[in-house]
Amino acid sequence: MAQSPGQTEREARPLIYRPPPRWYFWSALGAALAIHLTAVAVSQRHEAPPVDLPPQPPQVVEATLAPPEATPPPEDIPIPEPPPPPEIQPEFVEERTPPPKVQNAAKFTPVKSPGPMSMSRAKALALYAPRPQYPYEARSRHVTGSGVIVCSVDSGSGSVSSCSVSSSTGSPILDNAATSAFRQWRFRPGTVSKVNIPITFTMTGASY
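**Q** What is the right way to read the overall build of the protein chain from this model?
**A** Looking only at helices and strands, the protein chain features five helices and six strands. Scanning the protein chain from its N terminus toward the C terminus, one meets helices and strands in the order α-α-α-β-α-β-β-α-β-β-β. Expressed as a percentage of contacts within the protein chain between residues at least 6 apart in sequence, the contacts between residues at least 24 apart total 70%. For the protein chain, the exposed surface amounts to about 18200 Å²; the carbon and sulfur share of it is 59%.

This is the structure we're talking about:
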C-alpha cells in the first residue's frame with residue numbers, strides 16, 4: 001500500500017515533550033484545597049463547645065485513725081502433772097552384814113634391841129638382801145678392802161632408812177657401792193631397828 005507524502009513527513013518528525021497547560025495545575029490545586037477545607041469543617045462540627053465551670057473550693061476530708069486494738073495475752077494453759085512413777089519393788093535385797101569386830105586383836109609391838117643387831121641374826125630376818133656389786137673401776141685398779149656399814153631400819157615397814165660407814169674399806173668407791181646396796185635391803189616389820197653389816201671386797205667379789 002502506498003503512503004502519502006504528508007504522512008511520511010509526520011512520521012519522520014522527532015517526538016518533543018509538551019508540558020500540559022496551566023489550567024490543569026490550578027484545577028488540581030483548587031480541588032485539593034476544597035477537600036482540606038471540607039474535612040476541617042466536618043471535624044469542627046463534631047467537637048462539643050467548651051463549657052466554663054465555676055471554680056470549686058478544695059474539699060478537705062478529715063480521717064481519724066483508731067488506735068490498734070491491744071492483743072490480749074495468751075492464756076496460760078495448765079500443763080498436767082506427769083503421773084508418779086510406779087513403785088518397783090526389788091526382786092532381791094542384798095543383806096550386808098558388818099564384819100565382826102575383833103575384840104582381842106594383837107597389837108604389833110616392834111622389838112627394840114639395845115644395840116645394833118649382828119649380821120648372822122639379820123640375815124635370818126631379811127626379806128630382800130642384794131649383794132653389793134664390785135665396781136669395775138676398783139676391779140681394774142685391783143682395789144680391795146674390808147669395812148663395816150651401819151644401817152637404820154624403819155620398824156613399821158622393815159625398809160632401810162639410812163646407812164653410814166662405821167669402818168671404811170679404805171676406798172670411797174667401795175664404801176659407796178656397799179651403802180647403795182644396803183639401802184635396798186628389807187626386813188620383817190618390827191624385827192630389826194639397826195644392824196651392823198661387815199663387808200669385804202676382793203678380786204673375786206664382795207662378801208659379808
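**Q** Whenever I open this one, helix α5 (residues 172-182) confuses me. Can you help?
**A** What sets the pattern is the α-helix's 3.6 residues per turn: residues three or four places apart point alike. Those residues of α5 not exposed but buried are Leu174, Asp175, Ala177, Ala178, Thr179, Ala181 and Phe182. If you follow the buried residues of α5, they end up packed against α4 (136-140), β2 (145-153), β3 (160-167) and β5 (194-202).

**Q** What exactly am I supposed to notice about the sheet that holds strand β6 (residues 205-207) here?
**A** Sheet strands pair by backbone hydrogen bonding; their relative direction is either parallel or antiparallel. Taken in spatial order, the four strands line up as β3-β2-β5-β6 in an open sheet, and their pairing is antiparallel. Sheet topology places β3 and β6 at the edges, where each strand pairs with a single neighbour. Between one strand and the next, the sheet's axes are offset by a mean angle of 30°, whatever the strand orientation.

**Q** Sorry if this is basic, but what is going on with the pairing of β5 here?
**A** On a regular strand, one side chain projects to one face of the sheet and the next to the other, so that they alternate. Alternating positions in β5 separate cleanly, Val195, Ile197, Ile199 and Phe201 being buried on one face and Lys194, Asn196, Pro198, Thr200 and Thr202 remaining unburied on the opposite face. When β5 meets β6, the two strands line up antiparallel, connected through three bridges. What sits directly across from Thr202, in β6, is Gly205.

**Q** What am I meant to see in the nonpolar core here?
**A** In a soluble, globular protein the nonpolar side chains are often hidden away together inside. Of all hydrophobic cores here, the largest spans 22 residues; its most connected members are Cys151, Phe182, Phe187 and Val195. Elements supplying a minimum of two residues to this core: α3 (119-125), β2, β3, α5 and β5. In terms of residue count, the dominant contributor to this core is β5 (four residues). Aside from chain neighbours lying at most four places away, what touches Cys151 is Val160, Ser162, Cys163, Phe182, Ser193, Lys194, Val195 and Ile197.

**Q** What am I meant to see in the packing of aromatic side chains here?
**A** Given two aromatic rings, their pairing is described by the distance between the two centres and the angle made by the two planes. One pass over the structure, following the stated rule, counts five aromatic pairs. Ring geometry for Tyr134 against Phe201: centres 5.9 Å apart, planes inclined by 35°, an arrangement best described as tilted. On the criterion of sequence distance, the pair formed by Tyr134 in the loop between β1 (126-128) and α4 and Phe201 in strand β5 is long-range, its members being 67 residues apart. With respect to class, Tyr134 is no different from Phe201; both count as buried. Through pairs of rings, three or more aromatic residues link up here, namely Phe182, Trp185, Phe187 and Tyr208. Lying across the ring of Tyr208, Arg131 places its NZ or CZ 5.1 Å from the centre.

**Q** Even after reading the chapter, I still don't get a nonpolar patch on the surface, so can you show me in this structure?
**A** Where nonpolar side chains cluster on the molecular surface, the patch consists of Phe25, Trp26, Leu29 and Leu33 and spans about 460 Å² of accessible area. Along the chain, the position of Leu33 falls in helix α2 (residues 22-46).

**Q** Got a minute to help me understand the pattern of salt bridges in this structure?
**A** Once the charged atoms of two side chains with opposite charge are near each other, the side chains can pair. Evaluation of the coordinates by the stated rule reveals one salt bridge. Between Arg141 and Glu137 there is a salt bridge whose closest N-O contact spans 3.2 Å. When its relative accessible area of 58% is taken as the criterion, Arg141 is described as exposed. According to the relative accessible area criterion, Glu137 is partly exposed, its value standing at 39%.

Rules and cut-offs
Residues numbered from 1 in each chain as written. Predicted model: local features only at pLDDT ≥ 70, side-chain atom pairs only at ≥ 80, totals over all residues. Heavy atoms only, no water. Helix = DSSP H or I, 4+ residues; strand = E, 2+ residues; numbered from the N terminus. Contact = heavy atoms within 4.5 Å. Areas by Shrake-Rupley, 256 points an atom, 1.4 Å probe, with all protein chains shown as cover. Buried < 20%, exposed > 50% of the residue type's maximum accessible area, 1.4 Å probe, protein only. Pairing = 2+ DSSP bridges. Axes fitted to C-alpha atoms, helices over the stretch in contact; angles between N-to-C directions. Core = buried A, V, L, I, M, F, W, Y, C linked by side-chain atoms within 4.5 Å. Phe/Tyr/Trp six-rings, centres within 6.5 Å; stacked < 30°, edge-to-face > 60°. Lys NZ or Arg CZ within 6 Å of the ring centre and 35° of its normal. Patch = residues over 30% accessible without salt bridge, like charges linked within 9 Å, V, L, I, M, F, W, Y side chains within 5 Å. Salt bridge = Lys/Arg side-chain N within 4 Å of Asp/Glu carboxyl O.

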